[in-house]
Amino acid sequence: MDPGRELAVVDHGAPMSSETQESGAPSAPVSIATISSGFEKGDFLVREEKGQRVYFDFFEEAFNYIAYKGYIRMGKEDEAEWMDTMNNVHASVKGGMKYNTGKLLMVLYRPIEVEKE
C-alpha cells in the first residue's frame with residue numbers, strides 16, 4: 001500500500017479536536033459526514049459536504065471512501081449526540097420525511113482549514 005494512503009488508528013474516546021473550549025466543544029470548525037444503511041440504490045449511503053450522496057454495496061467501501069477524504073469517526077459521546085439530534089430532526093417533520101433517511105450508522109468529522117488573516 002502507498003505510504004501516504006494508510007489509515008491512522010484513532011482513539012474514539014478522544015475529543016473531536018485537540019483544541020477544545022471549556023465546554024468540550026471544538027474551537028475549530030468541522031465538517032461532518034454520515035454513513036447510513038437501508039437504501040435501494042445501494043446498501044450504504046455516505047452523505048458529505050454540500051449534500052453529496054454516494055451509494056455503496058459494502059460498508060467497507062463506504063468507510064474507505066470517506067476515510068480517504070480525511071474524515072475520522074467522532075468520539076462515542078459526540079457521535080451519540082449527533083445521532084440523537086438527527087433522529088429528533090427527522091421525527092419533527094409532520095407526516096414523516098419525504099425521502100428514506102435510512103438508519104444512521106456512523107458520524108464522522110474533518111476539521112475545516114480556516115485561513116488566518
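From a predicted model like this one, the values you see are computed outputs, not experimental measurements.

**Focus: the packing of aromatic side chains**
Right, on to step 1. Enumeration over the complete set of coordinates arrives at four aromatic pairs.
Right, on to step 2. Here Phe59 and Phe63 contribute two aromatic rings whose centre-to-centre distance is 6.2 Å and whose plane-to-plane angle is 25 degrees, an arrangement assigned as stacked. Of this pair, Phe59 and Phe63 both sit in helix α1 (residues 59-68), separated by four residues, roughly a single helical turn.
Right, on to step 3. Aromatic ring contacts, followed pair by pair, group Phe44, Phe59 and Phe63 into a single cluster.

**Thoughts on the pairing of strand β5 (residues 103-111)**
Right, on to step 1. Pairing analysis gives eight bridges linking strand β1 (residues 30-37) to β5, with the strands arranged antiparallel. Bridge pairing in β5 links Ser37 to Lys103.
Right, on to step 2. Strand direction decides the pairing type here: strand β4 (residues 72-73) and β5, joined by two bridges, are antiparallel. Residue pairing across strands places Arg73 opposite Leu108, the latter belonging to β5.

Cut-offs and rules
Residues numbered from 1 in each chain as written. Predicted model: local features only at pLDDT ≥ 70, side-chain atom pairs only at ≥ 80, totals over all residues. Heavy atoms only, no water. Phe/Tyr/Trp six-rings, centres within 6.5 Å; stacked < 30°, edge-to-face > 60°. Helix = DSSP H or I, 4+ residues; strand = E, 2+ residues; numbered from the N terminus. Pairing = 2+ DSSP bridges.

Function cannot be inferred from these measures alone, as they are strictly geometric.
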